[in-house]
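Structural features, examined
The lines below spell out each chain.
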Amino acid sequence: MADGGSALRVHALRLGPGQELLSSLLSFVEERKLRAPFIITCVGSVTKATLRLANATAENTNEVVRLQERFEIVSLVGTLNKDAHLHICLSDKDGKTVGGHVLGDLEVFTTAEVVIGEAANLRFSREMDPRTGFPELVIHPRQNEAV
């Protein structure tokens, strides 16, 4: 387990109607060569989403919901390294919420205003954890690397 203490860099972007949120965020991270990126905040709306629900296990990852209606993004959190780990909470027209692990297909409705942080002195990766059966976050110090 790494200490995790690090300086912070902040990046911001706005996505427009029809853009896919997850792939756009991953492209942003790759283009800027961010090594330890994470979501600080996100507001906006989507017209569809594909989420894995909380009761999924390594043996049964089929608990997936595909949503197709207009939702407000109430919360988006997680890490954005190559194998992003994001959770989202969405609110429908009646204010009812649904949330889960982002699998993709998050099509922006009006806007997605995203602020991304980067732990400047760290590097994130994912390694399979035999205890969970999933690739989990590993935090590395960023030594002798250009930042």
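See the structure printed just above.
Figured I'd write up the structure that's included with this text. (Residues numbered from 1 in each chain as written. Predicted model: local features only at pLDDT ≥ 70, side-chain atom pairs only at ≥ 80, totals over all residues. Heavy atoms only, no water.)

A count of helices and strands for the protein chain gives 1 helix and 7 strands. If you list the helices and strands of the protein chain from N to C, you get β-α-β-β-β-β-β-β. A buried classification covers 39% of the 147 residues belonging to the protein chain. Put simply, of all contacts in the protein chain between residues at least 6 apart along the chain, 62% involve residues at least 24 apart. For the protein chain, the computed accessible surface area is about 8400 Å², with 50% contributed by carbon and sulfur atoms. If you average the places of the 16 positive and of the 19 negative side-chain charges in the protein chain, the two averages end up 4 Å apart. (Helix = DSSP H or I, 4+ residues; strand = E, 2+ residues; numbered from the N terminus. Buried < 20%, exposed > 50% of the residue type's maximum accessible area, 1.4 Å probe, protein only. Contact = heavy atoms within 4.5 Å. Areas by Shrake-Rupley, 256 points an atom, 1.4 Å probe, with all protein chains shown as cover. Lys, Arg positive; Asp, Glu negative; His and termini not counted. Charge placed at Lys NZ, Arg CZ, Asp CG, Glu CD.)

Here the focus is the state of the cysteines. In total, this model carries 0 disulfides according to the counting rule given. The thiol sulfur of Cys 42 is not disulfide-bonded, and the nearest other cysteine sulfur, from Cys 89, lies at 12 Å. Classification of Cys 42 as buried rests on a relative accessible area of 3%. On the accessibility criterion, Cys 89 (24% relative accessible area) is partly exposed. (Disulfide = S-S within 2.5 Å.)

Interpretation note: all reported values are geometric properties and have no functional meaning in isolation.
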